[in-house]
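The chain contents come next:
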Amino acid sequence: MIRVVIADDQALLRGSFKVLVDSEPDLAVVGEAATGVEAVAVTLKQKPDVVLMDVRMPEMDGIEATRQIRDVSRVLVVTMFDLDAYVYDALRAGASGFLLKDTPPADLLAAIRVVAGGEALLAPTVTRRLIEQFARSPVVPQVKGLDGVTERERDVLLLIARGLSNGEIALQLQVSLATVKTHITRLLAKLEARDRAQLVIAAYESGLVSAAL
């Protein structure tokens, strides 16, 4: 059973998400929160597998809430992407992925399962927008460089940053899926990244993405 907490200041949206999630036999809502402070408190108490986190909430925003619970639960940010200017900050805070509020119900359920399974959810459309935002507001690099990363690992990292799945990367580089997974495992270790989302951040902050655009 995948345990979920829903954090959003809109009661109607929370209720809709709860009905949808609870309709699935392998998913269960174990808590709700209307503010960032409540989101942290409920998460620390329930220790869910996934937190659906809104960005803009009273008392504490979703970014700070994510930062405080990232070692407890995986966070899937639910956002109106065009309105939220803090997507990059949320990734750096430890979010494992992003979901648009107008996402079809089936995609929401799939996203919860993906994040609960330890993967990051970075759709190509979201990744492109993230790159655009990064280009407009570059930040000072916060990660070490790519000196210890091989040329092929750089290729894989670049494709991850562009939003490609493991299967798509394998086709692009003409290697096996197992080889791609091995490269990703090594990248995670070398860059001290927790998951795929953190690899994307490493690609941005090292200059790899901007250099390739």
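Overview of the structure. Keep in mind that this is a model prediction, so the values were computed, not measured.

## Things to note about the sheet that holds strand S4 (residues 74-79)
So, point 1. If you trace the five strands from one edge of the open sheet to the other, you get S2-S1-S3-S4-S5, paired in parallel fashion. The sheet terminates laterally at strand S2 (27-33) and strand S5 (97-100), the two strands that pair on one side only. Strand after strand, the sheet turns through a mean of 25° between neighbouring axes, direction not considered.
So, point 2. The sheet contact formed by S4 and S5 spans four bridges and is parallel. Bridge pairing links Thr79 to Leu100 in S5.
So, point 3. Against the sheet, helix H1 (residues 11-22) makes contact with strand S1 (2-7), S2, strand S3 (50-54) and S4, and its axis sits at roughly 160° relative to S2, the strand it touches most.
So, point 4. Strands S1, S2 and S3 of the sheet are contacted by helix H2 (residues 36-46), whose axis makes an angle of about 140° with S2.

## Regarding the side chain of Arg14
So, point 1. With respect to the helices and strands, the residue Arg14 is situated in helix H1.
So, point 2. Residue class for Arg14 comes out buried when judged on its relative accessible area of 14%.
So, point 3. At a separation of 2.6 Å, a polar atom in the side chain of Arg14 contacts the main-chain carbonyl oxygen of Asp8.

## Some remarks on the packing of helix H8 (residues 166-173) against helix H9 (residues 177-190)
The description of two packed helices rests on the angle between their axes and on the distance between the axes.
So, point 1. The interhelical angle for the contact between H8 and H9, taken along N-to-C directions, is 110°, at an axis separation of 9 Å. One finds that H8 runs roughly perpendicular with respect to H9. Between H8, through Asn166, Gly167, Ile169 and Ala170, and H9, the contact on the second element is made entirely by Leu177, Val180, Lys181 and Ile184.
So, point 2. In terms of residue class, the contact of H8 with H9 is built from five nonpolar, two polar and one charged.

## Focus on the pairing of S2
So, point 1. Note: S1 against S2, six bridges, orientation parallel. Bridge assignment links Ile2 to a residue of S2, and that residue is Leu27.
So, point 2. Running through H1, the crossover from S1 to the neighbouring parallel element S2 is right-handed.

## Some thoughts on the environment of Asp8
So, point 1. With respect to the secondary-structure elements, Asp8 resides in the loop between S1 and H1.
So, point 2. Given a relative accessible area of 2%, Asp8 falls into the buried group.
So, point 3. Residues Asp8 and Thr35 lie 27 residues apart in sequence; the distance between their C-alpha atoms is 6.8 Å.
So, point 4. Excluding its chain neighbours within four sequence positions, the residues that come into contact with Asp8 are Leu13, Arg14, Ala33, Ala34, Asp54, Met57 and Lys101.
So, point 5. Among the polar contacts made by the side chain of Asp8, one reaches the main-chain amide nitrogen of Gln10 at a distance of 2.8 Å.

## Here we look at the environment of Gly118
So, point 1. Position of Gly118 among the secondary structure elements: in the loop between helix H5 (105-116) and helix H6 (124-136).
So, point 2. As a C-alpha pair, Gly118 and Arg74 span 44 residues in sequence and 8.1 Å in three-dimensional space.

## Concerning the nonpolar core
One broad trend across soluble globular proteins is that nonpolar side chains are buried collectively.
So, point 1. Residues Met53, Leu157, Ile169, Leu191 and Leu199 are the most contacted members of the largest nonpolar core, which totals 48 residues.
So, point 2. It is helix H10 (residues 196-205) that contributes the most residues to this core, seven residues altogether.
So, point 3. Counting residues in hydrophobic clusters, the runner-up holds 19 residues, among them Ile2, Ile6, Leu13 and Leu20.

How each quantity is defined
Residues numbered from 1 in each chain as written. Predicted model: local features only at pLDDT ≥ 70, side-chain atom pairs only at ≥ 80, totals over all residues. Heavy atoms only, no water. Pairing = 2+ DSSP bridges. Helix = DSSP H or I, 4+ residues; strand = E, 2+ residues; numbered from the N terminus. Axes fitted to C-alpha atoms, helices over the stretch in contact; angles between N-to-C directions. Contact = heavy atoms within 4.5 Å. Buried < 20%, exposed > 50% of the residue type's maximum accessible area, 1.4 Å probe, protein only. Polar contact = N/O pair within 3.5 Å; in protein donor to acceptor, adjacent residues only side chain to side chain. Parallel < 35°, antiparallel > 145°, perpendicular 65-115°, else oblique. Nonpolar A, V, L, I, M, F, W, Y, C, P; charged D, E, K, R; others polar. Right-handed = clockwise from strand over helix to strand, strands pointing away. Core = buried A, V, L, I, M, F, W, Y, C linked by side-chain atoms within 4.5 Å.

Keep in mind these values describe shape, not function.
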